[in-house]
Amino acid sequence: MKISVHPLFIAFGLYYAATGRVFEFAAYTITAVIHETGHSAVAGGLGYRLDKIVLMPFGAVAKGDIDGLKLKDEIKIALAGPFVNLAVGLSFAAVWWIFPETYAFTDVAAYANFSMALVNFIPCYPLDGGRVLSAILALKTDRKKAHKICKAISVALACLLLAGFIVTFFRTPNLSLLFFAAFALAGATSKEKDNVYVKIGGGLSERKLLRGMPVVRQAVSKRITVKSLASVLDCNAVNEIDVYDGEKKISTLSQSRLSEILQSAEIYDEISKYL
């Protein structure tokens with residue numbers, strides 16, 4: 001997994017530093033990472049993994065390629081992040097209730113998690129709300145049309161936020177509105193793929209082979225799904241899978257063949273379909 005920083009994130013950090021809120025910015029950064037662990041946990045259970053995280057001003061975006069992901073799974077993955085933030089925020093609120101004296105130490109963390117959750121429910125790309133809306137619309141129409149509708153909503157939201165910033169500029173400038181407008185506009189005009197996870201099992205790497213890798217051999221039923229097969233593979237080893245029909249071995253899948261299957265197959269198909 002690679003982690004990179006978006007230029008808007010750096011600008012946002014400098015703004016918080018200039019206004020003396022470095023601790024608050026650090027809390028929001030950690031909250032964004034927690035947010036992505038929610039996505040990662042659910043995606044892992046569905047046979048996908050994080051490929052890259054980009055830290056953004058109002059959260060983090062996970063990137064990759066998941067052609068063939070079912071819409072219901074896309075919704076589950078998208079909602080996992082904000083729901084994790086809600087759970088963490090409620091945990092801090094519970095600590096306040098039981099130990100009121102801790103409020104001064106936990107209020108920033110709680111507000112950061114609640115804010116992260118609420119912001120990500122907004123139907124705007126690349127926020128989770130935008131992904132959920134796109135998936136729901138795609139159930140009624142095709143993905144391209146749903147994607148265009150969500151992009152249009154993002155542009156409209158960016159215009160409203162920019163208008164809000166202009167209004168505040170003549171009183172007390174609210175730079176957060178400006179950053180959010182830029183964030184929404186960047187998401188609406190991005191030409192990168194919208195999918196956010198890559199299928200498990202990307203094959204071998206020269207770097208790992210130079211260090212030496214163990215060979216792991218396992219046996220599975222021909223009725224095992226691609227999703228379940230992915231969960232038993234060892235990403236730090238060369239995998240060999242013996243496929244059985246009852247007590248009879250019918251095939252052996254090499255690491256290269258496993259990689260081909262995991263990159264192209266539907267995750268709910270039985271492995272026998274690809275023998």
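Residues numbered from 1 in each chain as written. Predicted model: local features only at pLDDT ≥ 70, side-chain atom pairs only at ≥ 80, totals over all residues. Heavy atoms only, no water.

Chemist: Quick one: what's the story with the pattern of salt bridges, residue by residue and with numbers?
Modeler: According to the stated counting rule, one finds five salt bridges in the structure shown. Ionic pairing is found between Asp242 and Arg217, a salt bridge with its closest N-O pair at 2.9 Å. You can see Asp242 sitting in strand E7 (residues 238–245) and its partner Arg217 sitting in strand E6 (residues 215–221), a full 25 residues away along the chain. Of the residues examined, Arg217 reaches a relative accessible area of 45% and is grouped as partly exposed. Linking Asp269 and Lys273 is a salt bridge whose minimum nitrogen-to-oxygen distance equals 3.3 Å. One salt-bridge network, in which partners are shared between bridges, spans Arg217, Glu240 and Asp242. (Salt bridge = Lys/Arg side-chain N within 4 Å of Asp/Glu carboxyl O. Helix = DSSP H or I, 4+ residues; strand = E, 2+ residues; numbered from the N terminus. Buried < 20%, exposed > 50% of the residue type's maximum accessible area, 1.4 Å probe, protein only.)

Chemist: Help me get a handle on the sheet that holds strand E8 (residues 248–253), residues and values and all.
Modeler: Read from one edge of the open sheet, three strands run E6-E7-E8, paired in mixed fashion. The open sheet has two edge strands with one neighbour each: E6 and E8. Neighbour-to-neighbour, the strand axes of this sheet turn through a mean angle of 25°, independent of strand direction. The sheet contact formed by E7 and E8 spans five bridges and is antiparallel. Bridge assignment links Asp245 to a residue of E8, and that residue is Lys248. (Pairing = 2+ DSSP bridges. Axes fitted to C-alpha atoms, helices over the stretch in contact; angles between N-to-C directions.)

Chemist: I'd love a proper account of a nonpolar patch on the surface, names of residues and values included.
Modeler: Taken together, Leu162, Ile166, Phe169, Phe170 and Leu178 make up a surface patch of nonpolar side chains, about 510 Å² in accessible area. Among the structural elements, Phe169 can be located in helix H6 (residues 143–169). (Patch = residues over 30% accessible without salt bridge, like charges linked within 9 Å, V, L, I, M, F, W, Y side chains within 5 Å. Areas by Shrake-Rupley, 256 points an atom, 1.4 Å probe, with all protein chains shown as cover.)

Chemist: Tell me about the packing of helix H3 (residues 71–98) against helix H5 (residues 128–140), residues and numbers included.
Modeler: Viewed as axis vectors pointing N to C, H3 and H5 meet at an angle of 160°, and their least axial separation amounts to 9 Å. Taken together, the axis directions place H3 and H5 in an arrangement best described as roughly antiparallel. The interaxial crossing formed by H3 with H5 has left-handed handedness. Together, Leu71, Ile75, Ala78, Leu79 and Pro82 of H3 and Asp128, Arg131, Val132, Ala135, Ile136, Ala138 and Leu139 of H5 make up the contact between the two elements. In the contact of H3 with H5, the residues fall into 10 nonpolar, no polar and two charged. (Parallel < 35°, antiparallel > 145°, perpendicular 65-115°, else oblique. Left-handed = near helix turned anticlockwise from the far one by under 90°. Contact = heavy atoms within 4.5 Å. Nonpolar A, V, L, I, M, F, W, Y, C, P; charged D, E, K, R; others polar.)

Chemist: Let's hear about the nonpolar core: which residues, and what values?
Modeler: Grouped together as the largest cluster of nonpolar side chains are 15 residues, with contacts concentrated most on Leu229, Ile241, Leu253, Ile261 and Ile271. For this core, the secondary-structure elements that each account for two or more residues are helix H9 (226–232), E7 and helix H10 (255–264). Other than its neighbours up to four places away in sequence, Ile271 contacts Ser221, Lys222, Ile224, Leu229, Val243, Leu253 and Ile261. In this structure, Leu161, Phe180, Phe183 and Ala184 belong to the second largest nonpolar core, which totals nine residues. (Core = buried A, V, L, I, M, F, W, Y, C linked by side-chain atoms within 4.5 Å.)

Chemist: So what about H6? Which residues, and what values?
Modeler: Taking 1.5 Å per residue, 27 residues should reach 39 Å; H6 reaches 39 Å between its end C-alpha atoms and fits that length. Every buried residue of H6 is listed here: Ala146, His147, Cys150, Lys151, Ser154, Ala158, Leu161, Phe165 and Thr168. The inward-facing, buried residues of H6 contact H5 and helix H7 (175–189). (Expected span 1.5 Å × (residues − 1).)

Chemist: Pulling in residues and values, what's your account of the packing of aromatic side chains?
Modeler: Considering all chains together, one arrives at five aromatic pairs under this definition. Ring centres of Phe169 and Phe170 lie 6.0 Å apart, and the angle between their planes is 85°; on these two criteria the pair is classed as edge-to-face. When its relative accessible area of 68% is taken as the criterion, Phe170 is described as exposed. (Phe/Tyr/Trp six-rings, centres within 6.5 Å; stacked < 30°, edge-to-face > 60°.)

Chemist: Tell me about the confidence of the model for the protein chain, and please be specific about residues and values.
Modeler: With 85% of its residues at a pLDDT of 70 or more, the protein chain has an overall mean of 79. A low-confidence stretch, residues 193–202 stays under pLDDT 50, and its non-local contacts, those more than four residues away or across chains, total 62 contacts. (pLDDT = per-residue confidence, 0-100.)

Chemist: Describe the packing of H6 against H7, listing the residues and the values that go with them.
Modeler: Relative to each other, H6 and H7 sit at 160°, their axes nearing to 8 Å. Between H6 and H7, the interaxial angle falls into the category roughly antiparallel. Considering only the axes of H6 and H7, their crossing is left-handed. Between H6, through Lys151, Ser154, Val155, Ala158, Leu161, Leu162, Gly164, Phe165 and Thr168, and H7, the contact on the second element is made entirely by Leu175, Leu177, Leu178, Phe180, Ala181, Ala184, Leu185, Gly187, Ala188 and Thr189. Residues of the contact of H6 with H7, tallied by class, amount to 13 nonpolar, five polar and one charged.

Chemist: Tell me about H3, and name the residues and values.
Modeler: Think of an α-helix as turning once every 3.6 residues; residues three or four places apart then point the same way. The terminal C-alpha atoms of H3, which comprises 28 residues, lie 41 Å apart, in line with the 40 Å expected from a rise of 1.5 Å per residue. The largest bend along H3 measures about 30° and falls at Ala80, with the proline Pro82 one to four residues further on. The set of residues buried in H3 consists of Leu71, Asp73, Glu74, Ile75, Ile77, Ala78, Ala80, Gly81, Pro82, Asn85, Gly89 and Trp96. Contact partners of the buried residues in H3: helix H2 (22–45), helix H4 (103–120), H5 and H6. (Bend = angle between axes of the 7 residues up to and from the residue.)

Chemist: Can you tell me about the environment of Arg131, naming the residues and giving the values?
Modeler: Mapping Arg131 onto the fold places it in helix H5. Taking relative accessible area as the criterion, Arg131 reaches 9% and is therefore assigned buried. Residues Arg131 and Leu79, spaced 52 residues apart in sequence, show a C-alpha to C-alpha distance of 9.1 Å.

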